[in-house]
Amino acid sequence: MFILDQKKRLQAAKWLFAALVFASFFYITAENRDPDLGWHLKTGEWILEHRAIQRFDKWSHTMSGYEWIDHEWLLNAWMHWMNARGLWPIVIFFFSLLASLPIIWSVRRAASFLEILFISAVSLEILRFIGVRPQLISFVFFAFLFEVLSNPYFKERFGVFRDFGIPLIFFVWANLHAGFPAGLLLLFLFIVGDLMGKKRRAELTAVAALKHAAVLLASFLATLITPHGFDLYHEIWNVATSSLTAKYIVEWLPAFALLSPAVPFVIALPFIFFFKYFRRYAMPMALAFAAFSALYLKSSRNIFFYAVAAMPVMRQGSALLKEEIARAEARRPAPRGVARLTAFIKIFLVGALIAYWCYALYASPRSQIGRPESALQFLKQEVGRGKPVKLLNAYSWGGYIIAQAPEIKVFIDGRMPHWKDESGNSAMEEYAQLFYSDNNGAKRDILARRGINTILLGAEQDPPKDGWIARLIERLPEERRERIGKSRTLQLLNKALSFPESLVYGETTDLREVLREDGWEIAYEDDVAAVFRCPEYKCAPSPP
């Protein structure tokens, strides 16, 4: 009876945790102001109005007419349709559910404290990336595909129909979000792992190899059935290989770059099990974990794929560890003090997780950059009076301006970090020079060449420009700070792991100094944003 009650208590705790995950994700999704949401909605509006996919940029003056790929076209159209009918709360619920489902599914299967600990750490990391964001579609599709490939139930229950269904998954996925190459990689790794296992067991046949090849080929061909065809792969390659995206977009930075307390748990726990029980894992699972671990370490936005690949490693590793402990205790019972110490460690870790979870829920909405509503209204009035506005805007506000004032062409928005036209023109490269460079001459040249007469920046502040290593060194006593600060290794590491806060804060003080020196005037200012205007005697009027 006691065992039954214990099982019931465990199930109740798991459901309580699952409810906490969904409630937290719903809260963050409702509060999160994704900088890209504006252009997603405006693109969806254009699609529904014209019954076509937008192929050329219409909202910027730096890359006007650039041919771009809207790989989220179907989702963008749906989001605008829902928003136009006052159904936005349903959209928030939908994306909260997308973020929660793989986590809740893992909680349901969890059978040990270590699994729950890992799931909690993963959830805390995911909190930084969720919102009304199309990439959550790839999270769910990847988790579902992993389940289809790894769970024997699907093969036993559906047989050959499972193989026919996999290309269908990719067809839908490719029309919703461009994260499907992660699914193709997963499918390839499972096929290679399965064939290696069969070869090792002397069970490999030509029929099995051809069947796997046919599924992989059919899945690849299914991803070509989109409005973009093979151009979609070209776009994905451009994003993945863009040095500007990797360097300046925060979520593309390596997993350790942002110094999140949850990252060590997220990485260390499954890695310990993986290396300890490497030979006990099925080859497909081992290959998938190794590949997506590498992708996550390279870019923190791959946390979604890594989490799915790491869950079964944690599950099997925890079970194997339990068996080892049981065998050890059968030979020699552990001292009482060990059980007490274990209980204390568990209580401490649970307390630390709860504290950090509460902090994350409190801090996340407050870390959001405000929207320049009043400043944008001022600019719209300026345009209405016939005054030309050639705008330089903060990166984070590009999407908002597109949605609220499409008549004002932006300098940059979230679509453009990897854009580069045939002449080598790149708005992101110029933006980095303006906001993250010490070359004031280059800044003045870009402003003049682009004919910029209006600049929309965040309210004046003094954001740190150094990387987090330099900021940690600054807190040390002066004597140690001088000695450690001379380390060439630390200097290089600090530079490698630094990211431009200008993309977060929307500005640097250097640009303001240039504007003040050149006589730019503040035409409007509040506690969120400031509008700088170039005096007419300095800047020749530029067409809107």
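Rules used throughout
- Residues numbered from 1 in each chain as written.
- Predicted model: local features only at pLDDT ≥ 70, side-chain atom pairs only at ≥ 80, totals over all residues.
- Heavy atoms only, no water.
- Helix = DSSP H or I, 4+ residues; strand = E, 2+ residues; numbered from the N terminus.
- Contact = heavy atoms within 4.5 Å.
- Areas by Shrake-Rupley, 256 points an atom, 1.4 Å probe, with all protein chains shown as cover.
- Buried < 20%, exposed > 50% of the residue type's maximum accessible area, 1.4 Å probe, protein only.
- Arc of directions from axis to C-beta.
- Polar contact = N/O pair within 3.5 Å; in protein donor to acceptor, adjacent residues only side chain to side chain.
- Pairing = 2+ DSSP bridges.
- Salt bridge = Lys/Arg side-chain N within 4 Å of Asp/Glu carboxyl O.
- Core = buried A, V, L, I, M, F, W, Y, C linked by side-chain atoms within 4.5 Å.
- Patch = residues over 30% accessible without salt bridge, like charges linked within 9 Å, V, L, I, M, F, W, Y side chains within 5 Å.
- Axes fitted to C-alpha atoms, helices over the stretch in contact; angles between N-to-C directions.
- Parallel < 35°, antiparallel > 145°, perpendicular 65-115°, else oblique.
- Nonpolar A, V, L, I, M, F, W, Y, C, P; charged D, E, K, R; others polar.
- Phe/Tyr/Trp six-rings, centres within 6.5 Å; stacked < 30°, edge-to-face > 60°.
- Lys NZ or Arg CZ within 6 Å of the ring centre and 35° of its normal.
- Expected span 1.5 Å × (residues − 1).

**Student:** Go over the overall build of the chain, please, and point to the residues and values.
**Tutor:** Across its full length, the chain holds 25 helices and four strands. Sequence separation of at least 24 residues holds for 76% of the intrachain contacts in the chain that already meet a minimum separation of 6. Summing over all exposed atoms, the chain offers an accessible surface of approximately 27,200 Å²; the carbon and sulfur share of this is 62%.

**Student:** Could you give an account of helix H20 (residues 440-449), with specific residues and numbers?
**Tutor:** Working note: α-helix, 3.6 residues per turn, so residues spaced by three or four point in the same direction. Taken as a whole, H20 has its buried residues at Ala442, Lys443, Ile446 and Leu447. Looking down the long axis of H20, one finds its buried residues gathered within 135 degrees of arc, a one-sided arrangement. Its side-chain oxygen at 3.2 Å from the backbone nitrogen of Gly441, Asn439 defines the N-terminal cap of H20. Positive phi appears at Gly451, one or two residues downstream of H20, with a value of about 65 degrees.

**Student:** Before we move on, could you go through the pairing of strand S3 (residues 521-525) and cite the residues and values that matter?
**Tutor:** One ladder, built from four bridges, connects S3 with strand S4 (residues 529-533); its direction is antiparallel. By the bridge assignment for S4, Tyr524 is matched with Val531. Counting the residues in the hairpin turn of S3 and S4 gives three residues.

**Student:** Just give me the short version of the pattern of salt bridges, but keep the residues and values in it.
**Tutor:** In total, this model carries 20 salt bridges according to the counting rule given. With a shortest N-O distance of 3.8 Å, Asp34 and Arg133 are connected by a salt bridge. Of this pair, Asp34 sits in the loop between helix H1 (2-31) and helix H2 (37-50) while Arg133 sits in the loop between helix H5 (113-127) and helix H6 (135-150), and the two are 99 residues apart along the sequence. The exposure class of Arg133 is buried, given its relative accessible area of 10%. Of the charged contacts, one joins Arg449 and Glu430 as a salt bridge, the two residues approaching to 2.9 Å between their closest N and O atoms. Residue Arg449 is found in helix H20, and its partner Glu430 is found in helix H19 (residues 427-435); the two are separated by 19 residues along the sequence. Overall, the relative accessible area of 48% leaves Arg449 in the partly exposed class. Overall, the relative accessible area of 7% leaves Glu430 in the buried class. Three or more residues are tied together by salt bridges with common partners; here these are Asp34, Arg133, Glu251 and Arg301.

**Student:** Any chance you could break down the nonpolar core for me, citing the residues and the numbers?
**Tutor:** Ranked by internal contacts, the top residues of the largest apolar core, which has 95 residues, are Ile103, Phe118, Ile126, Phe170, Phe180, Leu186 and Phe292. Once you skip the residues sitting within four places of it in the chain, Phe180 turns out to touch Ser138, Phe170, Trp173, Ala174, Thr223, Leu232, Tyr233 and Ile236. If you look at the next biggest cluster of nonpolar residues, it comprises 49 residues, including Leu379, Leu391, Leu392 and Ala427.

**Student:** Give a description of a nonpolar patch on the surface that names residues and reports values.
**Tutor:** Nonpolar side chains collect at one region of the surface, where Tyr153, Phe158, Val160, Phe161 and Phe164 lie side by side and expose about 580 Å² of accessible area between them. With three residues, the single largest contributor to the nonpolar patch is helix H8 (residues 160-174). Of the residues examined, Phe161 reaches a relative accessible area of 62% and is grouped as exposed.

**Student:** Residue-level account of the environment of Leu253, with values.
**Tutor:** One can find Leu253 in the loop between helix H12 (243-248) and helix H13 (263-276). Its relative accessible area of 4% is what places Leu253 among the buried residues. Considering only alpha carbons, one finds Leu253 and Leu297, 44 residues apart in sequence, at a separation of 8.8 Å.

**Student:** Please provide a residue-by-residue account of the sheet that holds strand S1 (residues 391-393), values included.
**Tutor:** An order of S1-S2-S4-S3 is seen for the four strands of this open sheet, with the pairing classed as mixed. One side of each edge strand has no neighbouring strand; the edge strands of this open sheet are S1 and S3. Going from strand to strand, the sheet's axes swing by 25 degrees on average, the running direction of each strand aside. Two elements, strand S2 (residues 454-458) and S4, share five bridges in a ladder whose sense is antiparallel. The partner of Thr454 across the bridge, within S4, is Arg533.

**Student:** Would you mind going over the packing of H2 against helix H3 (residues 73-84) in detail, with residue names and values included?
**Tutor:** At their nearest, the axes of H2 and H3 sit 7 Å apart, and the two run at 90 degrees to each other. Taken as axis vectors, H2 and H3 run roughly perpendicular relative to one another. Contacts between H2 and H3 involve Trp39, His40, Leu41, Thr43, Gly44, Glu45, Ile47 and Leu48 on the former and, on the latter, Trp73, Asn76, Ala77, Met79, His80, Trp81 and Asn83. Grouping the constituent residues of the contact of H2 with H3 by class yields eight nonpolar, six polar and one charged.

**Student:** Mind laying out the packing of helix H9 (residues 180-200) against helix H11 (residues 231-240), listing which residues take part and the relevant values?
**Tutor:** Remark: H9 packs on H11, axes separated minimally by 11 Å, with the N-to-C direction vectors making an angle of 95 degrees. Taken together, the axes of H9 and H11 are roughly perpendicular relative to one another. Where H9 approaches H11, its residues Phe180, Pro181 and Leu184 are matched on the opposing element by Leu232, Tyr233 and Ile236. Residue composition of the contact of H9 with H11, grouped by class: six nonpolar, no polar and no charged.

**Student:** Account for the packing of aromatic side chains, naming residues and giving values.
**Tutor:** Enumeration according to the criterion identifies 35 aromatic pairs in this entry. With 5.4 Å between their ring centres and 85 degrees between their planes, Phe146 and Phe190 make a pair best called edge-to-face. Of this pair, Phe146 sits in helix H6 while Phe190 sits in helix H9, and the two are 44 residues apart along the sequence. With a relative accessible area of 5%, Phe146 lands in the buried category. Taking relative accessible area as the criterion, Phe190 reaches 10% and is therefore assigned buried. By way of ring pairs, the aromatic residues Phe271, Phe274, Phe275, Phe278, Tyr281, Phe289, Tyr296 and Tyr306 are connected into one cluster. Here Arg157 stacks its cationic end above the ring of Phe158, 5.6 Å away from the centre of that ring. In this structure, Arg415 packs its charged tip against the face of Trp68, placed 4.9 Å from the ring centre.

**Student:** Can you break down H2 residue by residue, with the values?
**Tutor:** With 14 residues, H2 extends 20 Å between its outermost C-alpha atoms, agreeing within 8% with the 20 Å of an ideal straight helix rising 1.5 Å per residue. Of all the 14 residues making up H2, ten are buried; the element is thus mostly covered by neighbouring parts of the structure. If you check which residues of H2 are buried, you get Leu37, Gly38, Trp39, His40, Leu41, Lys42, Thr43, Gly44, Trp46 and Ile47. Each element contacted by the buried residues of H2 is listed here: H3, helix H4 (88-109) and helix H18 (398-404). Arg51 occupies a position one or two residues after H2 and carries a positive phi of about 55 degrees.

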